[in-house]
Amino acid sequence: MKHHNPEIQLVFIDPGLWEKETDTVHLAKYREALQEISQQYGNVDTVLYLSALEEPLLLQDTKPILLLLQALAAEKIKPGRILLAGEYRTGIERCYLDAWIGFERSLGLVMPHTKLQVISSDVQSINEVNWQWWSERLWQELRSNQRCSVRYEHQQRKVSRIRSIPPVEHYKQGTEYVLPGKTYLITGGLGGIGLAFA
């Protein structure tokens, strides 16, 4: 990325160093690292989460992402953007990456000045991560005015969109999802959808 803009300051955190630690220690280590970065560099403008590119098992484990977000919030670090990147080899890995979009949808309540995006792609290189390809894609996304989650599929950029459907359309189809006198259990959704539903 520095070849695009030599004035960019890149700082790396390797959470793999703490992978055997408990969540509490992991969170404390993130916070400690973020404190040092803030003291040395000032505000963090952008966070790139690339760990799942190096360790594909992290595609299905959202805990490291959650701990990072908790540490940023606890240290009152307000980056303008957070990009989560990952590659998929199978349909289930693609589903895991699509599930990360939940962070994009709910982060605004906790960190209203931060825009989170998921950048996913089918595998670019069978043997190892194609860092040159990823560097170019991440640079393009950082410079894009279209700040939303995207998937690169066969080198084609696809944009994630939400299409709102008015409740009237559901009733026209004769479908009622919420029936009076019934009990509905909501798990998750504390990022906003659960509150709106309640």
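Asker: Account for the overall build of the protein, naming residues and giving values.
Answerer: Looking only at helices and strands, the protein has eight helices and five strands in total. What you see in the protein, going N to C, is helices and strands ordered as α-β-α-α-β-α-α-β-α-β-β-α-α. Taking all 198 residues of the protein together, 34% fall into the buried category. Looking at the protein alone, contacts between residues at least 24 apart form 67% of all its contacts between residues at least 6 apart. With an accessible surface of roughly 12900 Å², the protein has 52% of that area assigned to carbon and sulfur atoms.

Asker: Give a description of the nonpolar core that names residues and reports values.
Answerer: One recurring pattern in soluble globular proteins: nonpolar side chains tend to sit buried together. Within the largest apolar cluster, 27 residues are counted, with the highest numbers of intra-cluster contacts made by Y49, L69, L72, I82, L84, W100 and L116. Residue contacts for W100: discarding those within four places in its chain leaves Y49, A52, L58, L59, T62, I65, L84, A85, G86 and V118. Counting 12 residues, the second-largest nonpolar core is a separate cluster that includes A85, V129, W133 and W134.

Asker: Help me get a handle on unusual backbone geometry, residues and values and all.
Answerer: Even without a glycine there, the phi angle at H154 is positive, about 50°. Mapped onto the elements of the fold, H154 is located in the loop between β4 (150-153) and β5 (156-159). Although it is not a glycine, Q155 adopts a positive phi angle of roughly 70°. Note on placement: Q155 falls in the loop between β4 and β5.

Asker: Tell me about the packing of aromatic side chains, residues and numbers included.
Answerer: With the rule as written, the count across this model stands at three aromatic pairs. Arranged with centres 5.6 Å apart and planes meeting at 85°, the rings of W133 and Y152 form a pair that is edge-to-face. Placement of W133 in helix α6 (residues 131-143) and of Y152 in strand β4 is noted, with a sequence separation of 19 residues between them. Taking the relative accessible area as the measure of exposure, W133 reaches 9% and is therefore buried. Linked through ring pairs, W133, W134 and Y152 together constitute an aromatic cluster. Over the ring of Y152 we find R137; its NZ or CZ atom is 5.8 Å from the centre of that ring.

Asker: Requested: an account of the sheet that holds strand β1 (residues 46-49), with residues and values cited.
Answerer: The pairing of strands in a sheet comes from backbone hydrogen bonds and takes either a parallel or an antiparallel form. One open sheet holds the five strands; their spatial order is β1-β2-β3-β4-β5, and the pairing between them is mixed. Strands at the two margins of the open sheet, each flanked by one partner only, are β1 and β5. Neighbour-to-neighbour, the strand axes of the sheet open up by a mean angle of 20°, direction not taken into account. Where β1 lies against strand β2 (residues 81-88), four bridges are found, and the strand directions are parallel. Within β2, the position partnered with Y49 by the bridge is L84. In the packing of α6 onto the sheet, the strands contacted are β1, β2, β3 (115-122), β4 and β5, and the crossing angle to β2 comes to about 145°.

What counts and what doesn't
- Residues numbered from 1 in each chain as written.
- Predicted model: local features only at pLDDT ≥ 70, side-chain atom pairs only at ≥ 80, totals over all residues.
- Heavy atoms only, no water.
- Helix = DSSP H or I, 4+ residues; strand = E, 2+ residues; numbered from the N terminus.
- Buried < 20%, exposed > 50% of the residue type's maximum accessible area, 1.4 Å probe, protein only.
- Contact = heavy atoms within 4.5 Å.
- Areas by Shrake-Rupley, 256 points an atom, 1.4 Å probe, with all protein chains shown as cover.
- Core = buried A, V, L, I, M, F, W, Y, C linked by side-chain atoms within 4.5 Å.
- Phe/Tyr/Trp six-rings, centres within 6.5 Å; stacked < 30°, edge-to-face > 60°.
- Lys NZ or Arg CZ within 6 Å of the ring centre and 35° of its normal.
- Pairing = 2+ DSSP bridges.
- Axes fitted to C-alpha atoms, helices over the stretch in contact; angles between N-to-C directions.

Geometry only, nothing functional implied.
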